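Chain by chain, the residues:
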Amino acid sequence: MIELLDQTGFTVRLHKRPDRIVSVVPSQTELLSALGLDDRIAGITKFCIHPDHIFRNKLRVGGTKTLNIQKILELKPDLVIANREENLRDQIEALREKLPVYVSDINDLDASLQMISHVGEITGTSERANEMISTIAFRFGKLNEAIKDQKKIRCMYLIWKSPWMAAGQGTFINDLLMRSGFENVVQDSRYPELTDEQIAALNPDVVFLSSEPFPFKEAHKNELLKQTGLFKAELVDGEVFSWYGSRLLIAPEYLAALRHSLV
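Residues numbered from 1 in each chain as written. Predicted model: local features only at pLDDT ≥ 70, side-chain atom pairs only at ≥ 80, totals over all residues. Heavy atoms only, no water.

Undergrad: Before we move on, can you summarise helix α6 (residues 126–147) with the specific residues and values?
TA: Relative to the 32 Å expected for 22 residues at 1.5 Å per residue, α6 spans 31 Å between its end C-alpha atoms, a close match to the ideal helical length. Where α6 is concerned, the buried positions are Ala129, Met132, Ile133, Ile136, Phe140, Leu143 and Ile147. Relative to the axis of α6, the buried residues are bounded by an arc of 100° and lie together on one face. Facing away from the buried surface of α6 by more than 90 degrees, the exposed residues are Glu127, Phe138 and Lys142. Packed against the buried residues of α6 are α1 (26–34), α5 (109–123), α7 (172–179) and α11 (251–262). (Helix = DSSP H or I, 4+ residues; strand = E, 2+ residues; numbered from the N terminus. Expected span 1.5 Å × (residues − 1). Buried < 20%, exposed > 50% of the residue type's maximum accessible area, 1.4 Å probe, protein only. Arc of directions from axis to C-beta. Contact = heavy atoms within 4.5 Å.)

So this is what it looks like as structure tokens:
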């Protein structure tokens, strides 16, 4: 018997190591592959685009917020891996009535590392998971050492347009910004909506326009600068800022380069 408390306080019980896993979170699907579990992935969402061979060859069970519960049940998984923010509560509860479901709740790097540890423990890949955790922690430690005496850059991180929506306090994105030497000017919690006037009043040194969930392009950047009167905006890789699994292995190098480009 495998028994583990997930990050929402729910006890996950399995009679054996899972052989058929459905992942309904893109970053956690990528993590499963990085842990060497390709053969055990039975289903994914249409947004689980990495790695490419998993996206092309595994059965898709809907979107993160539009799961096809019946299709998941037909796959007969012995574990579903989900996330509190990315998946809908009623769909997770419907799955929990039938299957073991591990739900992560990620608001900072520490929670992400704990999730990686939990997935390793559940799937019998703890050695590889712990190596990954150590590497991620080491690389973020090097990033912290490199920027500790540098002035913070005041920033805003936009995730949506019409209306503008920003990543605020209490988000994983905000935690990565702080660890990278940035100061988030948006002090509201989670994902507040902002007007052009509010953005202008906050007057960040730079506005980051994420590649996801809204796919910001150069035209949107120019529009924002014109409407707000600000002078600096940058398109950034949203996967680096919001994928909280094995993608964290490359995040510190990207974040260091981004900061360096703005100094």
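Undergrad: Quick rundown of the sheet that holds strand β3 (residues 21–23)? Include the residues and the values.
TA: A sheet is described by the order of its strands in space; here five strands give the open sequence β5-β4-β3-β8-β9, paired in parallel fashion. At either end of the open sheet lies a strand with only one pairing partner, and these are β5 (59–60) and β9 (101–104). Two strands pair when backbone bridges link them, and β3 and strand β8 (residues 79–83) are joined in this way by three bridges, in the parallel orientation. Counterpart to Val22 in the pairing with β8 is Val80. (Pairing = 2+ DSSP bridges.)

Undergrad: I'd like a description of the pairing of β8, backed by residues and values.
TA: The element β8 is extensively covered by neighbouring structure, given that five of its five residues are classed as buried. Between β8 and its parallel partner β9, the chain crosses via helix α4 (residues 89–96), and the hand of that crossover is right-handed. (Right-handed = clockwise from strand over helix to strand, strands pointing away.)

Undergrad: Before we move on, could you go through unusual backbone geometry and cite the residues and values that matter?
TA: Omega for the peptide link from His50 to Pro51 comes to -10°, which places this bond in the cis form. Its place among the elements puts Pro51 in the loop between β4 (41–44) and α2 (52–57). Following Glu212, the chain continues into Pro213 via a peptide bond in cis, with omega recorded as 0°. By the secondary structure assignment, Pro213 is in the loop between β14 (206–210) and α9 (218–228).

Undergrad: Pulling in residues and values, what's your account of the packing of aromatic side chains?
TA: If you walk through the whole model with that rule in mind, you get eight aromatic pairs. Aromatic pair Trp160 and Phe214: ring centres 5.5 Å apart, planes at 80°, arrangement edge-to-face. Highlighted residues: Trp160 in strand β10 (residues 153–160) and Phe214 in the loop between β14 and α9, separated in sequence by 54 residues. For Trp160, a relative accessible area of 33% translates into the label partly exposed. We classify Phe214 as buried; its relative accessible area is 17%. Where Phe214 meets Phe216, the ring centres are 4.8 Å apart and the plane angle is 55°; that geometry is what we call tilted. For the pair Phe214 and Phe216, a shared accessibility class is recorded, and that class is buried. Members of the aromatic cluster, connected to one another through ring pairs, are Tyr157, Phe182, Phe208, Phe241 and Tyr254. (Phe/Tyr/Trp six-rings, centres within 6.5 Å; stacked < 30°, edge-to-face > 60°.)

Undergrad: Mind laying out the packing of α5 against α7, listing which residues take part and the relevant values?
TA: Relative orientation of the contacting elements α5 and α7 amounts to 115°, with a least axis distance of 9 Å. By the angle between their axes, α5 is roughly perpendicular relative to α7. For the pair α5 and α7, contact is made by Leu109, Asp110 and Ser112 and by Phe172, Asp175 and Arg179, respectively. Across the contact of α5 with α7, the residue classes break down as two nonpolar, one polar and three charged. (Axes fitted to C-alpha atoms, helices over the stretch in contact; angles between N-to-C directions. Parallel < 35°, antiparallel > 145°, perpendicular 65-115°, else oblique. Nonpolar A, V, L, I, M, F, W, Y, C, P; charged D, E, K, R; others polar.)

Undergrad: Give a description of the pattern of salt bridges that names residues and reports values.
TA: Scanning the model with the defined rule gives 16 salt bridges in all. Between Arg96 and Asp6 there is a salt bridge whose closest N-O contact spans 3.0 Å. Of this pair, Arg96 sits in helix α4 while Asp6 sits in the loop between β1 (2–5) and β2 (11–14), placing them 90 residues apart in sequence. The exposure class of Arg96 is partly exposed, given its relative accessible area of 23%. Salt-bridge contacts for Glu239 lead to Arg247; the nearest nitrogen and oxygen are separated by 2.8 Å. (Salt bridge = Lys/Arg side-chain N within 4 Å of Asp/Glu carboxyl O.)

Undergrad: Outline the nonpolar core, listing residues and values.
TA: Among the nonpolar cores identified, the biggest contains 66 residues, and Val24, Ile72, Ile116, Phe140, Tyr157, Phe208 and Phe241 are the most heavily contacted of them. Tyr157 has contacts with Met165, Ala166, Ala167, Ile173, Leu177, Phe208, Ser210, Val236, Asp237, Gly238 and Phe241, leaving out every residue within four places of it along the chain. (Core = buried A, V, L, I, M, F, W, Y, C linked by side-chain atoms within 4.5 Å.)

Undergrad: If you had to explain the environment of Leu32 to someone new, which residues and values would you point to?
TA: Structurally, the position occupied by Leu32 is in helix α1. Taking relative accessible area as the criterion, Leu32 reaches 0% and is therefore assigned buried. Leu32 has contacts with Ile21, Ser23, Leu37, Ile41, Ile81 and Val119, leaving out every residue within four places of it along the chain.

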